Amino acid sequence: MVVKRNKEKVSIAMSSYLVNRAKAMVDAEEFGSVSDVISTAMSQFILMYDQAKRDGDTQFLSTHEYVEDAGNMIEGVIKEYLKSPEGKALIKSIIGESLSSPENNKTVIFTESGR
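## Points about the overall build of the protein
At step 1: When its secondary structure is counted, the protein shows 4 helices and 0 strands.
At step 2: Looking at the protein residue by residue over its 115 residues, the buried ones come to 6%.
At step 3: For the protein, the accessible area works out to roughly 10800 Å², and carbon and sulfur atoms hold 57% of it.

In structure tokens:
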């Protein structure tokens, strides 16, 4: 017996890495189509997501929460790095290069156009 599933066509944007990996799976005849790869991946993700929610596991954050958490973490790492001897040396190096660059010593003259 053949089971027909109602499928809806959607358009999504994915990184080229993921697209290439999905195509490689199809080329290796592990899946029939890229659509099959994506459907399988989404089905597994949804099962894991639902289970995590039932268990009260917060490993699956919303995109907004994930970006906010990552931003806070990166900001903290940068602040700590800049306090370190290596970070201070980096800042001194950047400032020194910027001040010694001939491009930054040019005088810019602004004129009004049309006069």
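So, next bit.
## Points about the pattern of salt bridges
At step 1: Here the structure, examined in full by the defined rule, presents 2 salt bridges.
At step 2: Where K7 meets D36, a salt bridge forms, and the shortest distance between an N and an O atom there is 3.9 Å. Residue K7 is found in the segment before helix 1 (16-27), and its partner D36 is found in helix 2 (residues 34-55); the two are separated by 29 residues along the sequence.
At step 3: Looking at D36, the relative accessible area reads 28%, which means it is partly exposed.

## Some remarks on the confidence of the model for the protein
At step 1: When pLDDT is averaged across the protein, the result is 80; 71% of the residues are at 70 or more.
At step 2: The secondary-structure element of the protein with the lowest mean pLDDT is helix 3 (residues 63-83), recorded at 73, while helix 1 shows the highest, at 93.

## Some thoughts on helix 2
At step 1: Look at helix 2: 32 Å from first C-alpha to last across 22 residues, which is about the 32 Å you get at 1.5 Å a residue.
At step 2: Phi turns positive, to about 75°, at G56, one or two residues after helix 2.

## With respect to unusual backbone geometry
At step 1: Phi is positive for E29, close to 60°, though the residue is something other than glycine.
At step 2: Here E29 lies in the loop between helix 1 and helix 2.
At step 3: Exposure remark for E29: the relative accessible area of 72% places this residue in the exposed category.

## Some points on the environment of S33
At step 1: Note that S33 resides in the loop between helix 1 and helix 2.
At step 2: In this structure S33 comes out as partly exposed when scored by relative accessible area, which is 25%.
At step 3: Taking the C-alpha atoms as reference points, S33 and A22, separated by 11 residues in sequence, lie 8.3 Å from one another.

## With respect to a nonpolar patch on the surface
At step 1: A cluster of nonpolar side chains, namely M73, I74, V77, I78, Y81, L82, L90, I91, I94, I95 and L99, defines an oily patch on the protein surface of about 1000 Å² accessible area.
At step 2: When contributions to the nonpolar patch are tallied by element, the ones reaching two or more residues are helix 3 and helix 4 (85-100).
At step 3: With respect to the secondary-structure elements, Y81 resides in helix 3.
At step 4: Residue classification places Y81 among the partly exposed residues on the basis of a relative accessible area of 38%.

What counts and what doesn't
Residues numbered from 1 in each chain as written. Predicted model: local features only at pLDDT ≥ 70, side-chain atom pairs only at ≥ 80, totals over all residues. Heavy atoms only, no water. Helix = DSSP H or I, 4+ residues; strand = E, 2+ residues; numbered from the N terminus. Buried < 20%, exposed > 50% of the residue type's maximum accessible area, 1.4 Å probe, protein only. Areas by Shrake-Rupley, 256 points an atom, 1.4 Å probe, with all protein chains shown as cover. Salt bridge = Lys/Arg side-chain N within 4 Å of Asp/Glu carboxyl O. pLDDT = per-residue confidence, 0-100. Expected span 1.5 Å × (residues − 1). Patch = residues over 30% accessible without salt bridge, like charges linked within 9 Å, V, L, I, M, F, W, Y side chains within 5 Å.

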